[in-house]
Amino acid sequence: MATPGQTHGSSLEESKARDALHTDRGATTIEETVVQKLAGIATREVPGVFAMGSAGRRAFSALTERIPGSQTNVSGGVSVEKGERQTAIDVSIVIDYGFSVVEVSQAIRRNIIQSVERATGLEVLEVNINVTDVHLPEEEHDVPQEQKTELQ
């Protein structure tokens, strides 16, 4: 990951958004979990993303989702390094068979950058994507919980 805090070319509009976080009247801080959730949601919106995280992470999430009252963990598979005005994001995904890794990765990167920068004013320096597995059509018993509820 790039080190948040390095300067990176940006437009005047992006600069104004970042400066809006630190004003004469006070500062707005954004926790890493906010960026993780935004990045997780943005990733799940991309066609071809079957699930997020490693096999161990997905198994843990499947167990916790069975607990009554628990919430879906949208930030699983996302790690963030965040400075005051910049962030770098790593995402681990399982891709659906038949989709182009290159095209899905580009769409994820574009969606995360747009979502995080618009919602937080932070500059996204980089989005690294780790494809951990390919979901095959015959593996339907592996459908993530959030997709099972959508199919019903």
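Residues numbered from 1 in each chain as written. Predicted model: local features only at pLDDT ≥ 70, side-chain atom pairs only at ≥ 80, totals over all residues. Heavy atoms only, no water.

Asker: Would you mind going over the overall build of the protein in detail, with residue names and values included?
Answerer: Within the protein one finds five helices and six strands. Counting from the amino terminus, the protein carries its helices and strands in the arrangement α-β-β-α-β-α-β-β-α-β-α. A total of 152 residues make up the protein; the buried ones form 36% of that total. If you sum the accessible surface of the protein, you get close to 9,100 Å²; carbon and sulfur atoms cover 50% of it. (Helix = DSSP H or I, 4+ residues; strand = E, 2+ residues; numbered from the N terminus. Buried < 20%, exposed > 50% of the residue type's maximum accessible area, 1.4 Å probe, protein only. Areas by Shrake-Rupley, 256 points an atom, 1.4 Å probe, with all protein chains shown as cover.)

Asker: Give me the lowdown on the pairing of strand 4 (residues 78–82), citing residues and values where you can.
Answerer: Taken together, the five bridges between strand 4 and strand 5 (residues 86–96) define a ladder with antiparallel strand orientation. Across the sheet, the residue bridging to Val80 is Ile89, located in strand 5. Taken together, strand 4 and the strand that follows it, strand 5, pair antiparallel across an intervening segment of three residues. (Pairing = 2+ DSSP bridges.)

Asker: Which residues make up the packing of helix 2 (residues 32–44) against helix 4 (residues 101–120), and what values do they have?
Answerer: How two helices sit against one another is set out by the angle between their axes and by the gap between those axes. Remark: helix 2 packs on helix 4, axes separated minimally by 8 Å, with the N-to-C direction vectors making an angle of 140°. Classified by the angle their axes make, helix 2 and helix 4 are oblique. Pair helix 2 / helix 4 crosses with right-handed handedness. Residue-level contacts link Val35, Leu38, Ala39, Ala42 and Thr43 of helix 2 to Ile108, Asn111, Ile112, Ser115, Val116, Ala119 and Thr120 of helix 4. (Axes fitted to C-alpha atoms, helices over the stretch in contact; angles between N-to-C directions. Parallel < 35°, antiparallel > 145°, perpendicular 65-115°, else oblique. Left-handed = near helix turned anticlockwise from the far one by under 90°. Contact = heavy atoms within 4.5 Å.)

Asker: Please set out the environment of Leu125 residue by residue, giving values where relevant.
Answerer: Positionally, Leu125 belongs in strand 6 (residues 123–135). Sequence-wise, Leu125 and Ala88 are 37 residues apart; in three dimensions their C-alpha atoms are separated by 5.4 Å.

Asker: Describe in detail helix 2, supporting the description with residues and values.
Answerer: Along its 13 residues, helix 2 runs 18 Å from first to last C-alpha, staying within 8% of the 18 Å computed at 1.5 Å per residue. Those residues of helix 2 lying buried are Val35, Gln36, Ala39, Gly40, Ala42 and Thr43. In a view along the axis of helix 2, the buried residues occupy a sector of 165°, so they form one face of it. On the buried face of helix 2, the contacting elements are strand 3 (49–52), strand 4, strand 5 and helix 4. (Expected span 1.5 Å × (residues − 1). Arc of directions from axis to C-beta.)

Asker: Can you explain the side chain of Ser92? Please cite residues and give values.
Answerer: One can find Ser92 in strand 5. Setting aside its immediate chain neighbours within four residues, Ser92 contacts Met52, Gly53, Gly77, Asn130 and Thr132.

Asker: Please give an account of the nonpolar core that cites residues and values.
Answerer: In terms of nonpolar packing, the biggest core is built from 23 residues, with Ile89, Val91, Ile93, Ile108 and Ile112 touching the most fellow members. Contributions of two or more residues to this core are made by helix 2, strand 3, strand 4, strand 5, helix 4 and strand 6. Here this core gets five residues from one element, more than from any other, and that element is helix 4. In contact with Val91, other than residues within four places in its own chain, are Thr43, Met52, Gly77, Val78, Ile112, Val127, Asn128, Ile129 and Asn130. (Core = buried A, V, L, I, M, F, W, Y, C linked by side-chain atoms within 4.5 Å.)

Asker: Residues and numbers for the side chain of Asn111, please.
Answerer: Locating Asn111 in the fold gives a position in helix 4. A distance of 3.0 Å separates the side chain of Asn111 from the side chain of Glu45, its partner in a polar contact. (Polar contact = N/O pair within 3.5 Å; in protein donor to acceptor, adjacent residues only side chain to side chain.)

Asker: Describe the confidence of the model for the protein, listing the residues and the values that go with them.
Answerer: Mean pLDDT over the protein stands at 79; residues scoring 70 or higher make up 64%. Mean pLDDT across the secondary structure elements of the protein bottoms out at helix 5 (residues 145–151), with 44, and peaks at helix 4, with 98. Across residues 6–10 the pLDDT falls below 50, and counting only partners more than four positions away or on other chains, this stretch makes nine contacts in the model. (pLDDT = per-residue confidence, 0-100.)

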